[in-house]
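Residue strings, one per chain:
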Amino acid sequence: MVSGPSLDEQAYVRDGARQTAVKILVVGHFAVGKTTFIGAISEIEPLTTEETMTRAAESIDDLKGVQGKTTTTVAMDFGRLTISDRVVLYLFGTPGQQRFVQMWEDMARGALGALVLVDPERLADSFAVIDLIEQYGLDYAIAVNHFDGAPLRDETALRDALDLLDDTPVVTCDARDERSSADALITLVRHLQDRAH
């Protein structure tokens, strides 16, 4: 029997560090930028399960408002971000299509919280995702992915449209930008710390 490559522990934990691993979900509707977000911020080569979209998917996945989308996540994305000598975030990106919802139960198990990416031009697509996060009892923050050419949205209007609680953080980010993505995650981590106290 041929064994696969072994995982080097040092690829996932800093040398000599005693760290707490924190599982975070990066969620959102189809084509909102989850894979891009994890790719921009992960300090290791992210694991992605992107596959080319086929004609068969055209009748299932709504491509309205999505220009140039040729691939889609079919299982999950995975990345890591060390935020201190004591805390490392393990990021799990979930597929955004309804047909992959059955995977969410396993992915949500053990997660401390979720960062919900939303497209301000397709807010209604976020309702089902937020419902799932709330169903699994996860604390979350909203990261509004600012796409090129899209106008900035008023936070109060976004909160009203998404029917958010007053203490749910809302931050604008660019999923392609490492610093912007890190700021969104830091907002979530601070929210989780506040909820823990």
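Every value quoted in this text rests on a predicted model; they were computed, and no experiment measured them.

Novice: What is the right way to read the side chain of Arg 80 from this model?
Specialist: Position of Arg 80 among the secondary structure elements: in strand β4 (residues 77-82). A polar side-chain atom of Arg 80 sits 2.6 Å from a polar atom in the side chain of Glu 43.

Novice: Before we go on, may I ask you to explain the packing of aromatic side chains in this structure?
Specialist: In this description, a pair of aromatic rings is defined by centroid distance and the angle of the planes. This structure, assessed with the given rule, holds two aromatic pairs. On the numbers, 5.9 Å between centres and 10° between planes, the contact of Phe 78 with Tyr 90 is stacked. Here the residue Phe 78 occupies a position in strand β4, and Tyr 90 occupies one in strand β5 (residues 87-93), the gap between them amounting to twelve residues. Here the two residues Phe 78 and Tyr 90 agree in accessibility, since each one is buried. Through a chain of ring-to-ring contacts, the aromatic side chains of Phe 78, Tyr 90 and Phe 92 assemble into a single cluster. For the cation-ring pair, Lys 23 lies above Phe 92, with the distance from its terminal atom to the ring centre recorded as 4.9 Å.

Novice: Just checking my understanding: could you explain the pattern of salt bridges for this structure?
Specialist: Here the idea is simple: oppositely charged side chains can pair when their charged atoms come close. Using the criterion set out here, one finds ten salt bridges in the structure. A salt bridge links Arg 122 to Asp 119; the shortest N-O distance between them is 3.0 Å. Neither residue differs from the other here; Arg 122 and Asp 119 are each classed as buried. For Arg 122, a relative accessible area of 10% translates into the label buried. When salt bridges that share partners are traced, they join Asp 119, Arg 122 and Asp 125 into one network.

Novice: Just to check I follow, could you spell out the nonpolar core for this structure?
Specialist: Across soluble globular proteins, nonpolar side chains show a tendency to be buried alongside one another. Counting 27 residues, the largest nonpolar core has Leu 25, Val 27, Val 116, Ile 133, Tyr 140 and Ile 142 as the members making the most contacts within it. Of all elements in the fold, only β1 (20-28), β5, α3 (104-108), β6 (113-118), α4 (127-135), β7 (139-145) and α5 (155-162) reach the threshold of two or more residues within this core. Excluding anything up to four places from it in sequence, Ile 133 contacts Val 27, Trp 104, Ala 114, Val 116, Leu 138 and Tyr 140. Ile 41, Val 87, Leu 91 and Cys 173 belong to the second-largest nonpolar core, a separate cluster that totals 24 residues.

Novice: Hey, could you run me through α5 in this one?
Specialist: Three- or four-residue spacings in an α-helix give side chains the same orientation, since the helix completes a turn every 3.6 residues. Turning to α5, its buried residues are Leu 158, Arg 159 and Leu 162. In an axial view of α5, the angular spread of the buried residues amounts to 100°, which keeps them on one side of the axis. Here α5 starts with a cap whose side-chain oxygen sits 3.2 Å from the backbone nitrogen of Thr 156, and that cap is Asp 154. Trailing α5 by a residue or two, Asp 163 shows a phi angle of about 55°, which is positive.

So, how was this worked out
- Residues numbered from 1 in each chain as written.
- Predicted model: local features only at pLDDT ≥ 70, side-chain atom pairs only at ≥ 80, totals over all residues.
- Heavy atoms only, no water.
- Helix = DSSP H or I, 4+ residues; strand = E, 2+ residues; numbered from the N terminus.
- Polar contact = N/O pair within 3.5 Å; in protein donor to acceptor, adjacent residues only side chain to side chain.
- Phe/Tyr/Trp six-rings, centres within 6.5 Å; stacked < 30°, edge-to-face > 60°.
- Buried < 20%, exposed > 50% of the residue type's maximum accessible area, 1.4 Å probe, protein only.
- Lys NZ or Arg CZ within 6 Å of the ring centre and 35° of its normal.
- Salt bridge = Lys/Arg side-chain N within 4 Å of Asp/Glu carboxyl O.
- Core = buried A, V, L, I, M, F, W, Y, C linked by side-chain atoms within 4.5 Å.
- Contact = heavy atoms within 4.5 Å.
- Arc of directions from axis to C-beta.

These figures come from the coordinates and say nothing about function on their own.
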